[in-house]
Amino acid sequence: MQAFSFKKLLAAGICSLSVAVYGFSQTIEMPAMPDMPEMPTTSVSGSFYRPSFPSKMVNKKISQKEDKSKSETVLSDGTSTNDVLTSLLGNSSTLTATDISSLYDSGLFTNVSSLDSVSSLSSYTTSSTTNLLLQQVLNSLNELKIEQKKATPAERTVLENTKADSETFKQREPSILRFKINGYDVTDSLTKVFFSEPEADGTFLLTADRKYYANQKAMTETFYMLFKTVSSKGSTVSYKVQPTVVQDQKNDNSYVYKLMSVKDLTAEKTGNLVVIHYNGENLTADMLMDIDKR
């Protein structure tokens with residue numbers, strides 16, 4: 001589907017955009033006076049705030065004072081995805097498939113490369129850089145979620161109208177056709193599934209929310225799977241799959257948790273169908289998806 005932008009809506013007279021306030025920094029030094037102590041240096045500083053909304057989608061700048069006491073999440077090859085997610089989501093609600101689907105339907109992003117923090121996909125070729133790419137994608141989506149919550153009433157109206165249009169004129173219906181781990185059918189426990197639009201090379205993000213029961217207790221988890229294209233020939237594409245999962249309560253015995261811990265997942269696509277066949281020492285997985293690329 002085509003993403004709707006605030007810029008286009010501005011042209012239609014639906015909303016007005018705010019103007020960023022640029023901070024400044026200036027230092028005034030007084031010269032030392034004879035037989036007198038030095039005058040202290042006086043400085044006035046400010047900050048420039050760059051909004052999280054993708055510049056491709058929204059032509060908007062927001063003036064906001066940054067809280068410098070809050071540390072930013074630092075992404076590096078040596079940082080595990082789970083550590084980043086813990087830091088990223090520790091002070092806010094989990095970034096769910098429902099959240100990501102809402103961002104997509106509201107026109108705030110379409111595919112992986114439409115996110116500001118993602119550079120050229122061709123630069124992510126190794127396992128460590130694919131892990132880094134997933135971190136950056138989730139970080140950007142979480143920032144979008146925060147900005148979406150801060151939207152003004154007028155902006156919310158625009159987002160809701162865009163979302164309503166996307167539902168009315170939906171062009172894709174990707175789905176998980178089969179998902180079994182150790183013979184257990186996972187699809188019945190999925191409450192929301194989201195596929196991003198595929199990149200030109202076939203790369204895409206799959207996210208799903210899941211509710212299941214363990215020890216007679218309801219539990220939830222959200223898993224993310226980045227399918228990064230490593231080679232292609234005609235309609236056949238080979239993927240490196242970078243997975244991770246967030247749980248409301250840690251449960252190492254969850255079948256999904258176990259699969260998301262696998263480091264060497266791969267997938268193959270023929271036509272619209274993408275398949276994962278994994279056979280480990282104590283874990284097997286069979287997953288079939290229709291990405292419905294039109």
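Fair warning: this is a prediction, and the values are worked out from it, not measured in the lab.

Thresholds applied
- Residues numbered from 1 in each chain as written.
- Predicted model: local features only at pLDDT ≥ 70, side-chain atom pairs only at ≥ 80, totals over all residues.
- Heavy atoms only, no water.
- Helix = DSSP H or I, 4+ residues; strand = E, 2+ residues; numbered from the N terminus.
- Buried < 20%, exposed > 50% of the residue type's maximum accessible area, 1.4 Å probe, protein only.
- Contact = heavy atoms within 4.5 Å.
- Salt bridge = Lys/Arg side-chain N within 4 Å of Asp/Glu carboxyl O.
- Pairing = 2+ DSSP bridges.
- Axes fitted to C-alpha atoms, helices over the stretch in contact; angles between N-to-C directions.
- Phe/Tyr/Trp six-rings, centres within 6.5 Å; stacked < 30°, edge-to-face > 60°.
- Lys NZ or Arg CZ within 6 Å of the ring centre and 35° of its normal.
- Polar contact = N/O pair within 3.5 Å; in protein donor to acceptor, adjacent residues only side chain to side chain.

S.K.: It is not clear to me how the overall build of the chain should be interpreted in this structure. Could you clarify?
M.R.: In terms of regular secondary structure, the chain is built from six helices and 11 strands. Among the 294 residues that make up the chain, the fraction classed as buried is 45%. Long-range pairs, those at least 24 residues apart, make up 61% of the contacts in the chain between residues at least 6 apart in sequence.

S.K.: Explain the pattern of salt bridges to me, please; I cannot follow it from the model alone.
M.R.: Two side chains bearing opposite charge may form a pair once their charged atoms approach each other closely. All chains considered together, the criterion is met by three salt bridges. Two residues, R178 and D286, come together in a salt bridge whose shortest N-O distance is 2.7 Å. Taken together, the positions of R178 in strand β3 (residues 175-181) and D286 in strand β11 (residues 284-290) put the pair 108 residues apart, joining distant regions of the chain. By relative accessible area, which is 30% here, R178 ends up partly exposed. Where E221 meets R210, a salt bridge forms, and the shortest distance between an N and an O atom there is 2.7 Å. One end of the pair, E221, is in strand β7 (residues 217-233); the other, R210, is in strand β6 (residues 204-214), and 11 residues separate them in sequence. This pair shows no difference in class: E221 is buried, exactly as R210 is.

S.K.: So what exactly am I meant to see when it comes to the sheet that holds strand β10 (residues 273-279) here?
M.R.: Two pairing modes exist for strands in a sheet, parallel and antiparallel, and in both the strands are linked by backbone hydrogen bonds. Pairing is antiparallel in the open sheet, where nine strands are placed in the order β4-β3-β11-β10-β9-β8-β7-β6-β5. Where the open sheet ends on each side, the last strands, each with one partner, are β4 (184-185) and β5 (190-195). Bridge count between β6 and β7: 11 bridges; the pairing is antiparallel. Among the inter-strand pairings, T207 is bridged to a residue of β7, identified as Y224. Along the sheet, helix α3 (residues 97-105) contacts β5, β6 and β7; its crossing angle with β5, the most-contacted strand, is approximately 40 degrees.

S.K.: Got a minute to help me understand unusual backbone geometry in this structure?
M.R.: The general pattern is negative phi for most residues beyond glycine and trans for most peptide bonds. Phi angles above zero are rare outside glycine, and N182 is one such case at about 50 degrees. Here N182 is to be found in the loop between β3 and β4. Looking at N182, the relative accessible area reads 33%, which means it is partly exposed. Positive phi, close to 60 degrees, is recorded for Q216, a residue that is not glycine. Here Q216 lies in the loop between β6 and β7.

S.K.: I keep staring at the environment of F223 and nothing clicks. Help me out?
M.R.: In this structure, F223 sits in strand β7. Taking relative accessible area as the criterion, F223 reaches 0% and is therefore assigned buried. For the pair F223 and V193, spaced 30 residues apart in sequence, the C-alpha separation works out to 9.8 Å. Excluding its chain neighbours within four sequence positions, the residues that come into contact with F223 are F179, L190, L206, T207, A208, T244, V245, V256 and M260.

S.K.: Help me understand α3, please; the structure alone is not making it clear to me.
M.R.: For an α-helix, 3.6 residues make a turn, and residues three or four places apart therefore share a direction. Counting buried positions along α3 yields seven of nine residues, so the element is predominantly enclosed. Within α3, burial applies to A97, I100, S101, S102, L103, Y104 and D105. Phi turns positive one or two residues past the end of α3, at G107, with a value near 85 degrees.

S.K.: Teacher, can you tell me more about the packing of aromatic side chains here?
M.R.: Think of a pair of aromatic rings as described by two things: how far the centres are apart, and how the planes are tilted against each other in angle. Overall, the coordinates contain nine aromatic pairs when judged by the stated rule. Ring plane angle 55 degrees and centroid distance 6.0 Å describe the contact between F109 and F194, whose orientation is recorded as tilted. Remark: F194 occurs in strand β5 and F109 occurs in the loop between α3 and α4 (127-149); sequence separation between them is 85 residues. Sitting over the ring of Y212, R210 keeps its end group 4.4 Å from the ring centre.

S.K.: I tried to follow the side chain of R210 on my own but got confused; where do I start?
M.R.: In this structure R210 comes out as buried when scored by relative accessible area, which is 4%. A polar atom in the side chain of R210 sits 2.7 Å from the side chain of S189. At 2.7 Å, the side chain of R210 forms a polar contact with the side chain of E221. Once residues within four sequence positions are removed from consideration, R210 is found in contact with Y184, V186, S189, L190, T191, M219, T220, E221, S254 and V256.

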